[in-house]
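# Chain and residue survey
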Amino acid sequence: AAHAQTPLSCGQLAVGTILAAGERDQFTFFGEEGDVVNIVIAEGGDIDPLFLVVGRLLQPGGSLLTTLGQATQNIDRLPTTGTYTVELFDNIGTNRGNYALRLGWVLPLSKQCGDRATVRCGEVVNGSIATPLERDFYSFSGQQGDALTLELVQPVGQNGLTVGVRL
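Definitions and cut-offs
Residues numbered from 1 in each chain as written. Predicted model: local features only at pLDDT ≥ 70, side-chain atom pairs only at ≥ 80, totals over all residues. Heavy atoms only, no water. Helix = DSSP H or I, 4+ residues; strand = E, 2+ residues; numbered from the N terminus. Buried < 20%, exposed > 50% of the residue type's maximum accessible area, 1.4 Å probe, protein only. Areas by Shrake-Rupley, 256 points an atom, 1.4 Å probe, with all protein chains shown as cover. Core = buried A, V, L, I, M, F, W, Y, C linked by side-chain atoms within 4.5 Å.

### Notes on the overall build of the protein chain
The helix and strand tally for the protein chain stands at 0 helices and 11 strands. Secondary structure elements of the protein chain, listed N to C terminal, follow the sequence β-β-β-β-β-β-β-β-β-β-β. When the 167 residues of the protein chain are sorted by exposure, 32% land in the buried category. For the protein chain, the exposed surface amounts to about 10,100 Å²; the carbon and sulfur share of it is 52%.

Following this line, the structure appears as structure tokens:
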């Protein structure tokens, strides 16, 4: 059974629990044709040890756009303007557990939420991740054929923090 649809805003961390076999939790967001969104799903504090949260992204009207696993997933170019639904559930439909979900925008830049900064050649930028599943965005200018060196350093003493980059 699907639970009521809960609206998501950019950058919002939504946490929930699948409490019964076959339960599906739904979240909605409004997207425009051509938008590129970022969806992050993670589990935490499982009730059943075999719980694996997965999901589906449904287009306006309810047809399947893509399946969602645990990880960061960029959805390239939403095909139409309207209300999209993220539906989360246990991968085999019988286990219970907790999950977290975050929605963000990659493009257009005007819709990005969270920390954003422009980086210039040779500049060192420091940042911080303040909330679970947070994403920070850094942009730079370049020309076709330019070579790029990017160094990502995890601060000393940040046990349990995994720092990653996607270009």
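### Looking at unusual backbone geometry
Across the junction of L107 and P108, the peptide omega takes the value 0°, indicating a cis bond. Here P108 shows up in the loop between β9 (97-107) and β10 (116-118). For R77, which is not glycine, the phi torsion reads 55° and is therefore positive. With respect to the secondary-structure elements, R77 resides in the loop between β7 (71-75) and β8 (82-90). Note on R77: relative accessible area 51%, which makes it exposed.

### Some points on the nonpolar core
F27, F29, I39, L57, V86, L88 and L101 are the most contacted members of the largest nonpolar core, which has 21 residues in total. Of all the secondary structure elements, the ones that give two or more residues to this core are β2 (13-18), β3 (24-31), β4 (36-43), β5 (53-58), β8 and β9. It is β9 that provides the largest number of residues to this core, a total of 4 residues.

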